[in-house]
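Here are the chains, one letter per residue:
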Amino acid sequence: MRIRPAFLLIRLAAPAALLMLLAACAPAPIYKTAGAAVTAAPFQVAQSPEKFSNSQVIWGGRIVQVKVLADHSEIELLAYPLDTSQRPKANDSGSGRFIAVMPGYVEPLDYPAGALMTVDGKLNGSRAGKVGEADYVFPLVSVAQSHVWTAEEMNKGRNNVHFGVGLGVGIR
């Protein structure tokens, strides 16, 4: 049995081309860090904040509330793991809470409760507070950049092929 070179080339190149095509569909990460960002979750940082002082983080989550103070604003977030595009994976379990400290005034309507957000910044200590009646330690992130995700951005790069009983393709 003789294998033709053209057939062999197609057989080897097709999977590679498919992988490159799929990789091109996913949006790139929105933040690039000069150094290595901490991979610890907020609940881990809250247990020993001094260990992570001044570390770079890229965290994201669901906005819980916004507080506007005299010289800065604070956004409390329920953290979620991020996907490869740094979008919060809100269908995962939360990984703690943190407070994003933004310089100056932020309009609370631009950061609505329930919206998904990603921040890039440095850890700057922690603060004791409460979640409901429970005591809680919130890591503080001095934000350099932030992004509130739209529903369209959250769906970008998602697979539009769906399988059910039998075989079917859904187009949105």
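Residues numbered from 1 in each chain as written. Predicted model: local features only at pLDDT ≥ 70, side-chain atom pairs only at ≥ 80, totals over all residues. Heavy atoms only, no water.

Another point: the overall build of the chain. Helix and strand content of the chain: 3 helices and 5 strands. Counting helices and strands in the order they occur from the N terminus, the chain gives α-α-β-β-β-β-β-α. Buried positions account for 31% of the 172 residues belonging to the chain. In the chain, the proportion of contacts linking residues at least 24 apart, taken out of those at least 6 apart, comes to 59%. For the chain, the computed accessible surface area is about 11,100 Å², with 60% contributed by carbon and sulfur atoms. (Helix = DSSP H or I, 4+ residues; strand = E, 2+ residues; numbered from the N terminus. Buried < 20%, exposed > 50% of the residue type's maximum accessible area, 1.4 Å probe, protein only. Contact = heavy atoms within 4.5 Å. Areas by Shrake-Rupley, 256 points an atom, 1.4 Å probe, with all protein chains shown as cover.)

Turning our attention to the confidence of the model for the chain. Keep in mind that low pLDDT regions are not for reading the predicted coordinates in detail. The predicted model of the chain has a mean per-residue pLDDT of 83, with 70% of residues at 70 or higher. Note that pLDDT drops below 50 for residues 21–25; the model gives that stretch 1 contact with residues more than four away or on any other chain. (pLDDT = per-residue confidence, 0-100.)

This brings us to the packing of aromatic side chains. For any pair of aromatic rings, the description consists of the separation of the ring centres together with the inter-plane angle of the planes. Per the counting criterion, the structure on display carries 2 aromatic pairs. Taking the centre distance of 4.9 Å and the plane angle of 55 degrees together, the rings of Tyr 136 and Phe 138 count as tilted. In this structure Phe 138 comes out as buried when scored by relative accessible area, which is 4%. (Phe/Tyr/Trp six-rings, centres within 6.5 Å; stacked < 30°, edge-to-face > 60°.)

Next up on the list: the side chain of Asp 83. Turning to its location among the elements, Asp 83 is positioned in the loop between β2 (72–80) and β3 (97–103). Assessed through its relative accessible area of 17%, Asp 83 is described here as buried. Polar side-chain contacts of Asp 83 include one of 2.8 Å to the backbone nitrogen of Ser 85. (Polar contact = N/O pair within 3.5 Å; in protein donor to acceptor, adjacent residues only side chain to side chain.)

This part covers the environment of Ala 37. With respect to the element layout, Ala 37 can be found in the loop between α1 (5–25) and α2 (42–47). For Ala 37, a relative accessible area of 28% translates into the label partly exposed. Between the alpha carbons of Ala 37 and Gln 56 there is a distance of 4.8 Å; along the sequence they are 19 residues apart.

On to the pairing of strand β5 (residues 134–148). By the bridge criterion, 3 bridges tie β3 to β5 in an arrangement that is parallel. Paired with Ala 100 across the two strands is Val 141, which belongs to β5. Where strand β4 (residues 116–131) and β5 come together, 13 bridges link them in antiparallel fashion. Paired with Thr 118 across the strands is His 147, a residue of β5. If you look at the hairpin formed by β4 and β5, you'll find 2 residues sitting between the two strands, and Gly 132 has a positive phi there, around 65 degrees. (Pairing = 2+ DSSP bridges.)

The strand order β1-β2-β3-β5-β4 describes a closed barrel built from 5 strands, whose pairing is mixed. When strand polarity is set aside, the average angle formed by the axes of neighbouring strands in this sheet is 45 degrees. (Axes fitted to C-alpha atoms, helices over the stretch in contact; angles between N-to-C directions.)

On to the environment of Ile 75. Examined against the element boundaries, Ile 75 turns out to sit in strand β2. Sequence-wise, Ile 75 and Met 102 are 27 residues apart; in three dimensions their C-alpha atoms are separated by 7.8 Å. Excluding residues within four positions of it along the chain, Ile 75 makes contact with Ile 63, Gln 65, Val 66, Phe 98, Ile 99, Ala 100, Met 102, Tyr 111 and Met 117.

Turning our attention to unusual backbone geometry. The residue Asn 54 is not glycine, and still its phi comes out positive at about 65 degrees. The residue Gln 86 is not glycine, and still its phi comes out positive at about 65 degrees. Relative to the assigned elements, Gln 86 resides in the loop between β2 and β3.

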